[in-house]
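Analysis of the macromolecular model
Next come the chains, spelled out residue by residue.
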Amino acid sequence: MDYAFFQAYWWLLVSLLGALLVFLFFVQGGQTLLYTIGKTEMERTLLVNSLGRKWDLTFTTLVTFGGAAFASFPLFYATSFGGAYWPWMLLLVCFVVQAVSYEWRTKGGNIFGHKTFEAFLLVNGFGGLILFGIAVGTFFTGSEFSVNKGDLTQLAMPVISTWHTPWHGLEAVLNIRNLLLGFSIFFLARVLGSLYFINNIDDEAVLRRSRRQVLYDAIAFLVMFLPFLIWTLFSQGFAVDPSGTVYLEKGKYFLNFIQMPLVGILFLIGVVALLYGIYLGTFSKSTKGIWFAGVGTVLAVLMLLLNIGYNHTSFYPSVYDLQSSLTIYNSSSSFFTLKVMSVVSLLIPFVLAYIVYAWRVMDKKKIDQKEMNEESVKY
């Protein structure tokens, strides 16, 4: 196994973490529905406690995703987090207020009232999802930075990458395609949140409103995602030739799906599974829609990320200087580092198995109003 193998292997792992994170955003999506599905205080308590049992999974996956990106592709981490720091900082703030909210909403001595912390959950839901989508959108549309590894020898400012706008990432908000992806993730998370409520809560009114909400948000998701997908597949992509020179190629991301047929087929299977999960949640009495939609989400997002990382493609392009664009080959850690980390990564299946086991134990019985009335400690 050579250096290129480990670079591809770690892009696969980072992409998988990113795909799992998008699925786990059902927590944030559910939070944005607190006052849409929960019409009474008890119904909102049901929703918060249902989500409260899973919120730390999203938080932990976000931290692991960032940590894996830092360890395996440090130049990407340094360029994006060091240059486009405003979106990332705002995103982190959104997640900090979420953690505070779950801990303090019903805590004794809470002088701010539970509605304050419910407002924080809304901030996390709306702000966190849209900001994340906009930040990931730059993987397809590019950012304004340059990289010069020779600058590392400058004693005054040994900084490899330089951001070339004073907005430090906020300029991404002005790109329509980034916005389309941001709102796509927002509405997808609301779909997943409603499907999760259907599966996890035993309450007739919550169940009825959740099924209706799946349909509304699914329509909004398709209205946002389809233009983004079509625009991205057939616009210019950031290709790399064998010598490492980056150039623009029409329809690059569509060609990647054709030239990597397994990636393209699994992407389509993911989309179909997601749509089937939405169908189950909207037009049937099944409560299993979250699992089909969840698997579909992970597959579709994973394949999109593999599309921009493999097949001679730049996964973090620069529109300021094309040759500064980052690929999995010019931004990764050393051969030795990737190899050592790969040994540790063999533990990942055991960690995933533990999460699945813990999830099954927590969801053995659906949450209901009787349990909330008897529970002395709740979110």
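Starting from 1, residues in each chain are numbered consecutively following that chain's sequence as written. Only residues with pLDDT of at least 70 get local features here, since the model is predicted, and only at 80 or more are side-chain atom pairs given and counted; chain-wide, interface and lining totals rely on the full set of residues. Side-chain metrics in this entry use all non-hydrogen atoms of the structure; hydrogen atoms and water are not considered.

Some thoughts on the packing of aromatic side chains
- Here is the rule: rings of Phe, Tyr and Trp (six-membered ring for Trp) pair when centre to centre is within 6.5 Å. Planes less than 30 degrees apart are stacked, more than 60 are edge-to-face, and the remainder are tilted. All chains considered together, the criterion is met by 43 aromatic pairs.
- Ring pairs connect the aromatic residues Trp 11, Phe 73, Phe 76, Phe 139, Phe 145, Trp 163, Phe 315 and Tyr 316, which therefore count as one cluster.
- Should the NZ of a Lys or the CZ of an Arg lie within 6 Å of a ring centre and within 35 degrees of the ring normal, that charge is described as sitting over the ring. One residue, Lys 54, lies across the ring of Trp 359, its end atom 4.8 Å from the ring centre.
- Lying across the ring of Phe 335, Lys 339 places its NZ or CZ 5.0 Å from the centre.

Examining the pattern of salt bridges
- A side-chain nitrogen of Lys or Arg and a carboxyl oxygen of Asp or Glu constitute a salt bridge if their distance falls within 4 Å. Applying the stated rule across the entire model yields eight salt bridges.
- Among the salt bridges present, the one from Asp 363 reaches Lys 54, with a minimum N-O distance of 2.8 Å. In this pair, Asp 363 sits in the loop between α15 (348-362) and α16 (369-374) while Lys 54 sits in the loop between α4 (41-52) and α5 (55-72), placing the two residues 309 residues apart along the sequence. A single burial state applies to Asp 363 and to Lys 54, both of which are buried.
- Close ionic contact of Lys 365 with Asp 368 constitutes a salt bridge, the shortest N to O distance being 3.4 Å.
- Each residue is placed in one exposure class: buried if its accessible area under a 1.4 Å probe, protein chains only, is under 20% of its type's maximum, exposed if it is over 50%, and partly exposed if it falls in between. Residue Asp 368 is classed as buried on the basis of its relative accessible area, which comes to 15%. Every helix listed is a DSSP run of H or I at least four residues long, and every strand listed is a run of E at least two residues long, numbered separately from the N terminus.

Regarding the pairing of strand β3 (residues 236-240)
- With respect to burial, β3 is a largely interior element, four of its five residues being buried.
- In short, DSSP must find at least two bridges between two strands for them to pair. Bridge count between β3 and strand β4 (residues 246-250): five bridges; the pairing is antiparallel. Residue pairing across strands places Phe 238 opposite Leu 248, the latter belonging to β4.
- Adjacent in sequence and paired antiparallel, β3 and β4 are bridged by five residues, among which Gly 244 carries a positive phi angle near 95°.

Observations regarding the packing of helix α7 (residues 85-104) against helix α8 (residues 114-141)
- Relative to each other, α7 and α8 sit at 150°, their axes nearing to 8 Å. Put simply, α7 runs roughly antiparallel to α8. Note on packing geometry: the crossing formed by α7 with α8 is left-handed. Listed contacts from α8 to Pro 87, Trp 88, Leu 90, Leu 91, Cys 94, Phe 95, Val 97, Gln 98, Val 100, Ser 101, Tyr 102 and Trp 104 of α7 are Phe 117, Phe 120, Leu 121, Val 123, Asn 124, Gly 127, Gly 128, Leu 131, Phe 132 and Ala 135.
- Side-chain classes are defined by residue name, with Ala, Val, Leu, Ile, Met, Phe, Trp, Tyr, Cys and Pro counting as nonpolar, Asp, Glu, Lys and Arg as charged, and the others, Gly among them, as polar. For the contact of α7 with α8, a count of residues per class yields 17 nonpolar, five polar and no charged. Angular values range over 0 to 180 degrees, each being the angle between N-to-C directions of two axes fitted as lines to C-alpha atoms, with helices fitted over their stretch in contact. Should an angle fall under 35 degrees it is called roughly parallel, over 145 degrees roughly antiparallel, and 65 to 115 degrees roughly perpendicular, with every other angle called oblique. Crossings are classed by handedness, with left-handed meaning an anticlockwise turn of the near helix from the far one by less than a right angle and right-handed meaning a clockwise turn. Working rule for contacts: check all heavy atoms of both residues, and any pair within 4.5 Å makes them a contact.

Thoughts on helix α6 (residues 74-83)
- Listed in full, the buried residues belonging to α6 are Leu 75, Phe 76, Thr 79, Ser 80 and Gly 83. Down the axis, α6 shows its buried residues gathered within 115° of arc, on one side only.
- The inward-facing, buried residues of α6 abut α5, α7, α8, β1 (145-147) and β2 (161-163). Regarding the arc, it is the one traced by the directions from the helix axis to the C-beta atoms.

Here we look at the environment of Ser 286
- Among the structural elements, Ser 286 can be located in the loop between α12 (261-283) and α13 (289-309).
- For the pair Ser 286 and Asn 199, spaced 87 residues apart in sequence, the C-alpha to C-alpha distance is 8.6 Å.
- Discounting residues that sit within four places of it in the chain, Ser 286 has contacts with Ile 198, Arg 211 and Leu 280.
- Each polar contact in these results corresponds to two N or O atoms within 3.5 Å; when the atoms are within protein, one needs to be able to donate a hydrogen and the other to accept it, and residues that are neighboring in sequence are counted only if both atoms are side-chain atoms. Engagement of the side chain of Ser 286 in a polar contact is seen with the backbone nitrogen of Lys 288, the distance being 3.0 Å.

With respect to the confidence of the model for the protein chain
- As a per-residue measure, pLDDT tells how confident the predictor is, with possible values from 0 to 100. Overall, the predicted model of the protein chain reaches an average pLDDT of 92, with 99% of residues at or above 70.
- Of all the helices and strands in the protein chain, α15 carries the lowest mean pLDDT, 84, while helix α11 (residues 252-259) carries the highest, 97.

Some thoughts on the side chain of Ser 146
- Relative to the helices and strands, Ser 146 resides in strand β1.
- By relative accessible area, which is 16% here, Ser 146 ends up buried.
- Engagement of the side chain of Ser 146 in a polar contact is seen with the side chain of His 164, the distance being 2.6 Å.
- Residue contacts for Ser 146: discarding those within four places in its chain leaves Ile 160, Ser 161, Thr 162, His 164, Tyr 320 and Ser 324.

Digging into the environment of Trp 88
- Among the structural elements, Trp 88 can be located in helix α7.
- We classify Trp 88 as buried; its relative accessible area is 9%.
- As a C-alpha pair, Trp 88 and Thr 232 span 144 residues in sequence and 23 Å in three-dimensional space.
- Look past the residues within four positions of Trp 88 in its chain and what remains in contact with it is Ser 80, Phe 81 and Ala 135.

What about the packing of helix α1 (residues 3-24) against helix α14 (residues 335-345)?
- Their axes nearest at 10 Å, the elements α1 and α14 cross at an angle of 50°. In terms of their interaxial angle, α1 and α14 are classed as oblique. The chirality of how α1 crosses α14 is left-handed. Taken together, the residues of α14 that come into contact with α1 (itself represented by Tyr 3, Phe 6, Gln 7, Tyr 9, Trp 10 and Leu 13) are Phe 335, Leu 338, Lys 339, Met 341, Ser 342 and Ser 345.

Re a nonpolar patch on the surface
- On the surface, Leu 215, Tyr 216, Ile 219, Val 223, Tyr 276, Tyr 279, Phe 283, Trp 291 and Phe 292 cluster together into a nonpolar patch covering about 910 Å² of accessible area.
- For the nonpolar patch, the leading source of residues is helix α10 (residues 204-234), giving four residues.
- Position of Phe 292 relative to the elements: it lies in helix α13. Excluding any residue in a salt bridge, patches collect residues exceeding 30% relative accessible area, merging like charges within 9 Å and nonpolar Val, Leu, Ile, Met, Phe, Trp and Tyr side chains within 5 Å. Using the Shrake-Rupley algorithm and a 1.4 Å probe, accessible areas are obtained, with residue cover drawn only from the displayed protein chains.

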